[in-house]
Amino acid sequence: MKKTTRIILSIAAIAVLLAVLLFLQANERDYGMVITIIEKSAIYAVVAVSMNLLNGFTGLFSLGQAGFMAIGAYTFSILAIPASSRASVYYATGINPIIEHAELPIPLAMIAGGLMAALFAAVIGFPILRLKSDYLAIATLGFSEIVRAIIASPQMNTITNGSFGLKKIPEFPNLLTVILVAAICIAIMVLLINSSYGRAFKAIREDEIAAEAMGIGLLHHKQTAFIISSFFAGIGGAMLARFMRSIDSNTFKIALTYDILLIVVIGGMGSVTGSVLAAFLVTASKEQWLRFFDEPLVIGGVSVPFFKTGLRMVVFSVLLMVVVLFFRRGIMGQNEFTWEGLFGLFKKIPNLFKGKKKKEAI
Amino acid sequence: MSLNVFLQHCLTGISLGGAYALIAIGYTMVYGILRLINFAHGEIFMIAGYFMIFATANFGWAVGIPVTLIATVVLGVVVERLAYKPLREAPRMSIMISAIGVSYLLQNLTTYLFTALPKPYPEIPILKQIYNIGGLSASLVTFITPILTIILVFILVYIINHTKIGMAMRAVSKDFETSRLMGIKINKVISTTFVIGSALAAVGSILYFTDRMSVTPFSGTLPGLKCFVAAVIGGIGSVPGAVVGGFIIGICETMMIALGYSTFSDAFTFVLLIIMLLFRPTGIFGEKTIDKV
């Protein structure tokens, strides 16, 4: 396929997407649920790509995403909640004078959230990145629990509002802003992955010892990946805070990290487009498509047993196990989306019906 | 804090530590053989709690305990067969993700079956009887837990060091491939590991939940992680290490709560873990491993 064709196709696709988004935004009242799902998916996509940067591209199995999101979300919220409504947010314990008047414009506050997460990553990354795979996973998991405990502790009441959580966080003005912020974040990460740094990350993933022998500074690159991933996790946390409008320490439980890990796995470890695609698929199926499992089902006057609250999540987790066990590469494997790949897939579909079993290359 | 109060807290801590130690053994044995953090172990421990609730309701506690043990063992082995065995040749990250997936599935399944509301744990009257020993008063379960733990560990260490299957386990944990070439039935060894681990988790669950009165689908996650930390602190792969680690975590946690830092008690476990990993990554009893190119 010629390069111009590809560019034309991409522009057309973006235009169609933009048109759909604008249509949804214009008819906000009729499509409230769809908009919520798209917003949530976009936020999860940012965090999933940031996790993929570590787990998929650098080969560092980190489970600390929820902790960094919490840092980002709280930093953002503390700086962005309008000073006028702070008294009512901190009604129980009063507000610490240091942060009482610290108010930043929203975009700056989001970046501050990311920077704070990156700062923490830099501090803890230095010691813990020396650890090997499983130990790193458990240490980052532990870190995220420590963050959560500190946020919820009564000693932090005047800053994080302890177990009451923060409210009245300024929300996103509209759908397009969410998508735009998410797109910028993901674009920056893609640029990074395609740079010489990205190639070094992949080399470390494939073989640490060989990479080191080729002159790649292991600790330096691991730390870069860790800090950048945490920065965007922090931004993702800030976005989540804006989306939810109120947060508390229970928002950032280990389950959140697992949710994001599952998106990364389903999308394919080491594929940005896979993560984005999976973020939308997983969120939509969790929030909407599999909803009917939770409601009582009546066929021909006979109510089918099993259909009750919670079945949706069971079905979802079974699907997930199927992916983990039988489609280990996820949707995209380590490949990225290309138009050739898409058209190749279309060409393969007729073959599937003919019953020809071909080993797929994708 | 008077001496008596201090000793009372120590006793509670040791008892909690005993339950932790039993769960930690499951982690350490599986890790020793498969090099896998069995994230589902905490959920198996939690489901053992539910088994006990239903077994006791139907057969009374005396029959309920063996039923719980058997059901938990079956669950542990089934999880291994379905979720870990197909991935034996896969990269380690995949097995770990599979373990996380299983833990997610078990949690959702229990939420679906029993709702997320806490279910009252059956009271075993004998275990709940209050005894006074030298000014310390506690229920029988508090006194029994550490003793039972020590007895079980001695049996386990005997099995590992003096039986054929124990020798096979040690061989597999030293070198997976070579022991397979030597004719050791790997799958049998791994299943045995899961049988032992799950049985101990069931015992731990009975001791743990008897003190806590209720079970929810989420009450396995945090104890599970803490017990893994205990296994790491003791030196992963080492059974006595897991026991020592379990007691350390249990006592530290109880002391933190006694001193009024209950919100930090969970976090403290992980702080301990990070400190340990930095200064002695192989744990108290761990062997040094050398990376080979």
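Criteria and thresholds
- Residues numbered from 1 in each chain as written.
- Chains lettered and ligands numbered in written order.
- Predicted model: local features only at pLDDT ≥ 70, side-chain atom pairs only at ≥ 80, totals over all residues.
- Heavy atoms only, no water.
- Helix = DSSP H or I, 4+ residues; strand = E, 2+ residues; numbered from the N terminus.
- Rg over C-alpha atoms; globule rule 2.2 N^0.38 Å.
- Contact = heavy atoms within 4.5 Å.
- Areas by Shrake-Rupley, 256 points an atom, 1.4 Å probe, with all protein chains shown as cover.
- Lys, Arg positive; Asp, Glu negative; His and termini not counted.
- Charge placed at Lys NZ, Arg CZ, Asp CG, Glu CD.
- Buried < 20%, exposed > 50% of the residue type's maximum accessible area, 1.4 Å probe, protein only.
- Buried area = accessible area lost by both parts, 1.4 Å probe.
- Salt bridge = Lys/Arg side-chain N within 4 Å of Asp/Glu carboxyl O.
- Polar contact = N/O pair within 3.5 Å; in protein donor to acceptor, adjacent residues only side chain to side chain.
- Axes fitted to C-alpha atoms, helices over the stretch in contact; angles between N-to-C directions.
- Parallel < 35°, antiparallel > 145°, perpendicular 65-115°, else oblique.
- Left-handed = near helix turned anticlockwise from the far one by under 90°.
- Nonpolar A, V, L, I, M, F, W, Y, C, P; charged D, E, K, R; others polar.
- Domains from an automatic or database assignment.
- Phe/Tyr/Trp six-rings, centres within 6.5 Å; stacked < 30°, edge-to-face > 60°.
- Lys NZ or Arg CZ within 6 Å of the ring centre and 35° of its normal.

Brief notes about the overall build of chain B
Reasoning step 1: Scanning chain B for helices and strands turns up 12 helices and four strands.
Reasoning step 2: Relative to the globule expectation of 19 Å for 293 residues, the C-alpha radius of gyration of chain B, 19 Å, shows essentially globular dimensions.
Reasoning step 3: By principal-axis analysis of the C-alpha atoms, chain B measures approximately 60 × 45 × 35 Å.
Reasoning step 4: The contacts of chain B with a sequence gap of at least 6 include a subset with a gap of at least 24, amounting to 75%.
Reasoning step 5: Carbon and sulfur atoms make up 70% of the accessible area of chain B, which totals about 12500 Å².
Reasoning step 6: Distance between charge centroids for chain B: 7 Å, based on 18 positive and 11 negative side chains.

Details of the overall build of chain A
Reasoning step 1: A count of helices and strands for chain A gives 16 helices and two strands.
Reasoning step 2: Here chain A has a C-alpha radius of gyration of 22 Å; the compact-globule value for 362 residues is 21 Å, and the two agree.
Reasoning step 3: Going through the 362 residues of chain A one by one, you find that 51% of them count as buried.
Reasoning step 4: Of the contacts formed within chain A by residues at least 6 apart in sequence, a portion of 76% connects residues at least 24 apart.
Reasoning step 5: Working note: accessible area of chain A is about 17000 Å², and carbon and sulfur atoms make up 69% of it.

Structural notes on the interface of chain A and chain B
Reasoning step 1: Taken together, the contacts link 50 residues of chain A with 44 residues of chain B.
Reasoning step 2: For the pair chain A and chain B, the summed buried surface comes to about 3900 Å²; carbon and sulfur atoms form 78% of the total.
Reasoning step 3: Ranking the residues of chain A by area buried against chain B places A:Asp134, A:Tyr135 and A:Ile138 at the top, with a combined share of 17%.
Reasoning step 4: Summed over the shared surface of chain A and chain B, the number is zero salt bridges.
Reasoning step 5: On inspection of chain A and its partner chain B, the count reaches two residue pairs in polar contact (both at pLDDT 80 or more).
Reasoning step 6: At the level of elements, helix H6 (106-128), helix H7 (133-152), helix H13 (254-267) and helix H15 (311-326) of chain A are the ones that each hand at least two residues to the side of chain A that touches chain B.
Reasoning step 7: The element that contributes the greatest number of residues to the side of chain A that touches chain B is H7(A), accounting for 13 residues.

Details of the pattern of salt bridges
All names here are of chain B.
Reasoning step 1: Taken as a whole and judged by the stated rule, the model has 10 salt bridges over all chains.
Reasoning step 2: Among the ionic pairs, Asp266 bridges to Lys226, the shortest N-O distance being 2.8 Å. With Asp266 in helix H12 (residues 265-279) and Lys226 in helix H10 (residues 221-234), the pair connects residues that are 40 residues apart, well separated along the chain.
Reasoning step 3: Through salt bridges with shared partners, one network takes in Glu80, Arg81 and Arg88.

Side note on the packing of helix H11 (residues 239-258) of chain B against H12(B)
Residues and elements named next belong to chain B.
Reasoning step 1: One can describe the packing of H11 onto H12 by two numbers: an axis separation of 9 Å at closest approach and a directional angle of 140 degrees. By the angle class used here, H11 and H12 are oblique. Crossing hand, H11 versus H12: right-handed. Together, Ile248, Ile249, Cys252, Glu253, Met256 and Ile257 of H11 and Ser265, Phe268, Thr269 and Leu272 of H12 make up the contact between the two elements.
Reasoning step 2: Of the residues assigned to the contact of H11 with H12, the class counts are seven nonpolar, two polar and one charged.

Notes on the domain arrangement of chain A
Residues and elements named next belong to chain A.
Reasoning step 1: Domain parsing of chain A yields domain 1 (1-30) and domain 2 (34-260).
Reasoning step 2: Summarising the inter-unit geometry, the C-alpha centres of domain 1 and domain 2 are found 29 Å apart.
Reasoning step 3: For the domain 1 face of the interface with domain 2, the top three residues by lost area are Leu21, Leu24 and Gln25, together amounting to 77%.
Reasoning step 4: Along the contact surface separating domain 1 from domain 2 lie one residue pair in polar contact (both at pLDDT 80 or more).
Reasoning step 5: Of the residues assigned to the side of domain 1 that touches domain 2, the class counts are three nonpolar, one polar and one charged.

Re the packing of aromatic side chains
Reasoning step 1: If you walk through the whole model with that rule in mind, you get 19 aromatic pairs over all chains.
Reasoning step 2: Plain terms: the ring middles of A:Phe68 and A:Phe143 are 5.1 Å apart, the flat faces sit at 35 degrees to each other, and that makes the pair tilted. Placement of A:Phe68 in helix H3 (residues 65-80) and of A:Phe143 in helix H7 is noted, with a sequence separation of 75 residues between them.
Reasoning step 3: A relative accessible area of 6% means that A:Phe143 is categorised as buried.
Reasoning step 4: An angle of 85 degrees between the planes, with centres 5.3 Å apart, marks the rings of B:Tyr208 and B:Phe209 as edge-to-face.
Reasoning step 5: Take B:Tyr208: its relative accessible area is 10%, and that puts it in the buried class.
Reasoning step 6: Among the aromatic residues, those joined into a ring-pair cluster are B:Tyr20, B:Phe45, B:Tyr121, B:Tyr208 and B:Phe209.
Reasoning step 7: The side chain of B:Arg212 reaches across the aromatic face of B:Tyr208, ending 4.1 Å from its centre.

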